[in-house]
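An overview of the molecular structure
One letter stands for each residue in the lines below.
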Amino acid sequence: MDKKVTILGIESSCDDTSAAIIQDGVLLSNEIANQEVHKAYGGVVPELASRAHQQNVIPVVDRALKLANVKKTDISAIAFTRGPGLLGSLLVGTSFAKGFALVNNIPLIEVNHLQAHVLAHFIKGNIADNEQPKFPFLCLLVSGGHSQIILVKDYFDMKIIGQTIDDAAGEAFDKCAKTIGLTYPGGPLIDKFAKEGNYNAFTFTRPRIKELDYSFSGLKTAFLYFVRDRIKEDVDFIKKNKNDLCASIQFTIIDILLKKFKLAIKQTGVKDIAIAGGVSANSGLRAAITELAKEENLNAFIPEFKYTTDNAAMVAITGYHKYLKGEFVGQDVTPMARMPI
Ligand code: KG4
Ligand code: ZN
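Residues numbered from 1 in each chain as written. Chains lettered and ligands numbered in written order. Predicted model: local features only at pLDDT ≥ 70, side-chain atom pairs only at ≥ 80, totals over all residues. Heavy atoms only, no water.

Moving on: helix α6 (residues 217-233). Taking 1.5 Å of rise per residue, the 17 residues of α6 would be expected to cover 24 Å, and the 25 Å separating its terminal C-alpha atoms lies within 8% of that figure. Three or more residues of α6 are buried, namely L219, F223, F226 and V227. Projected down its long axis, α6 carries its buried residues within an arc of 95°, all on one side. Buried positions along α6 lie against α4 (169-179) and α7 (237-268). (Helix = DSSP H or I, 4+ residues; strand = E, 2+ residues; numbered from the N terminus. Expected span 1.5 Å × (residues − 1). Buried < 20%, exposed > 50% of the residue type's maximum accessible area, 1.4 Å probe, protein only. Arc of directions from axis to C-beta. Contact = heavy atoms within 4.5 Å.)

Following this line, the structure appears as structure tokens:
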């Protein structure tokens, strides 16, 4: 029998240190160390993030290996996130991967973080698992740093056909959350409070941006001014209206995202659609995409929660497909803060 292809994936692009093992496309472990240190600052502090990655990377890899019941000598290659992301954070994962590859005499595979978010849809929970989108499909990639509509023609043939010209959808969630006093990252909290609120309570004007592009910075400012003005009339405005504010802003962000995504579906004529990235954990967005697929007779692919925010399983699956193509890099590879898809 042929030897199994076992990939160790490392993710360290922002504030999550993660390691995962994928064997022949099947996930064996996916360990994540979240960094609580940023909560007090209302956002990720790059210098603190890289320090925390340094502390976390070895224990996280160790746990991933143990949980998967895999020895270092079983690993075929190590895949790591090269970019885009915070340079200091990327440097920790890159350096670890280079050292690990050298010591264990295995190939090194660079991974683009954005491609990895999209390819998370190809992670298998078990060997018979065949629930995967068919090429070409459209993926709405929405995270803290990106909002893109991607036409996925093949594993490594992706084209961005629309994207934000300023803030990302996740940033809009986080900044609006901050305006009403919620801690970072505010996206999950808005999601939680929105469930108890009325999404029609407040309306915010939608941006007018050409074609398939997005803009979220105007909405963030409109929300800030709206709340500030209402507080002048009633100091308890936020407290009294928290759920409605969350429901209304979430509804608006989803509405903006869906409008362009629908247009992209029409223009490309795809039958399979997917969402990816941290914001794809949002319950309102998941429901809206499911509904859209039903209405338009499309196949919707909604990732499991554990694959929405940053994780190494998506890096390992991307590495697995690069391994099959024999795409390796040398020890001279360096991280990239910006990296096209
Ligand atoms: O993909 P990700 O973990 O990191 C980046 O690559 O940016 O995405 C993080 C973003 C944050 O902005 C966070 O607030 C948002 O995803 N997020 C959510 C939810 N869960 C995470 N936004 C809305 N609703 C959620 N349930
Ligand atoms: Zn991400």
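Anyway, onward from the coordinates.
In a soluble, globular protein the nonpolar side chains are often hidden away together inside. Membership of the largest hydrophobic core comes to 47 residues, with the highest contact counts inside it found for F261 and I273. Of all the secondary structure elements, the ones that give two or more residues to this core are β6 (137-142), β7 (147-154), α4, α5 (187-194), α6, α7, β9 (272-276) and α8 (283-296). In terms of residue count, the dominant contributor to this core is α7 (14 residues). Residue contacts for I273: discarding those within four places in its chain leaves L138, F261, I265, I289, L292, A293, L298, N299, A300 and F301. (Core = buried A, V, L, I, M, F, W, Y, C linked by side-chain atoms within 4.5 Å.)

Around ligand 1 sit 20 residues, and of these G144, D174, D191, G278 and N282 come closest. About the coverage of ligand 1: the protein hides 89% of its 550 Å² of free accessible area. Counting only elements with at least two residues in the shell around ligand 1, the list comes to α3 (113-119), α4 and α5. Class assignment of the residues belonging to the shell around ligand 1 gives a composition of 5 nonpolar, 12 polar and 3 charged. (Near = heavy atom within 4 Å. Areas by Shrake-Rupley, 256 points an atom, 1.4 Å probe, with all protein chains shown as cover. Nonpolar A, V, L, I, M, F, W, Y, C, P; charged D, E, K, R; others polar.)

Another point: the coordination of the zinc ion (ligand 2). Protein-derived coordination of the zinc ion (ligand 2) comes from H113 (NE2), H117 (NE2) and D310 (OD), at a distance range of 2.0 to 2.1 Å. Each of the 4 donor atoms bound to the zinc ion (ligand 2) contributes to angles spanning 94 to 141°, and the resulting shape is irregular. Positions of the donor residues of the zinc ion (ligand 2) along the chain correspond to the pattern H-x3-H-x192-D. A residue pair is termed long-range when its members are at least 10 positions apart, and H113 in helix α3 and D310 in the loop between β10 (299-301) and α9 (313-325) qualify at 197 residues. Residues H113 and D310 agree in their burial class; the two are buried. (Donors = N, O, S within 2.8 Å, 3.2 Å for Na, K, Ca; no water. Tetrahedral: all angles 85-135°; square planar, octahedral: opposite > 155°, others 65-115°.)

A few words now on the sheet that holds β6. Read from one edge of the open sheet, 5 strands run β8-β7-β6-β9-β10, paired in mixed fashion. Because the sheet does not close on itself, it has two edges, and the strands there are β8 (157-163) and β10. For this sheet, the mean inter-axis angle between neighbouring strands, taken without regard to orientation, is 25°. Pairing geometry for β6 and β7, over 6 bridges, is antiparallel. When the sheet's bridge partners are listed, V142 is paired in β7 with S147. Packed onto the sheet, α7 meets β6, β7, β8 and β9 and runs at close to 160° relative to β6. Helix-sheet contacts for α8 involve β6, β9 and β10, and the interaxial angle to β9 is about 175°. (Pairing = 2+ DSSP bridges. Axes fitted to C-alpha atoms, helices over the stretch in contact; angles between N-to-C directions.)

The omega torsion of the bond from F135 to P136 falls at -10°, within 30 degrees of zero and hence cis. Of the consecutive residues Y184 and P185, the connecting peptide bond is found in the cis state with omega at -10°. In this structure, P185 sits in the loop between α4 and α5. Of note in the backbone geometry, N69 takes a positive phi value of approximately 60° without being a glycine. With respect to the secondary-structure elements, N69 resides in the loop between α1 (46-68) and β4 (77-83). By relative accessible area, which is 69% here, N69 ends up exposed. A positive phi angle, near 45°, is found at E211, a position not held by glycine. Relative to the assigned elements, E211 resides in the loop between α5 and α6.

Here the focus is the pattern of salt bridges. Opposite charge on two side chains makes pairing possible when the charged atoms of those side chains draw close. Taken as a whole and judged by the stated rule, the model has 17 salt bridges. What you see here is one network of salt bridges that share partners, running through D167, E171, K175 and K220. (Salt bridge = Lys/Arg side-chain N within 4 Å of Asp/Glu carboxyl O.)

Moving on, we get to the side chain of S248. Note on placement: S248 falls in helix α7. On the accessibility criterion, S248 (0% relative accessible area) is buried. In this structure the side chain of S248 is engaged in a polar contact, spanning 3.4 Å, whose partner is the backbone oxygen of N198. Sequence-distant contacts of S248, that is, excluding residues within four places in its chain, are made with N198, Y199, N200, A201, F202 and F204. (Polar contact = N/O pair within 3.5 Å; in protein donor to acceptor, adjacent residues only side chain to side chain.)

Attention now goes to the sheet that holds strand β5 (residues 108-112). Taken together, 5 strands build an open sheet; the order of strands is β3-β2-β1-β4-β5 and the sheet is mixed. Every other strand in the sheet has two partners, leaving β3 (26-34) and β5 as the edge strands with one partner each. Each strand of the sheet is rotated relative to its neighbour by a mean of 20°, with strand direction disregarded. Examined bridge by bridge, β4 and β5 share 5 bridges and lie parallel to one another. In the sheet register, T81 faces β5, and the bridge partner there is V111.

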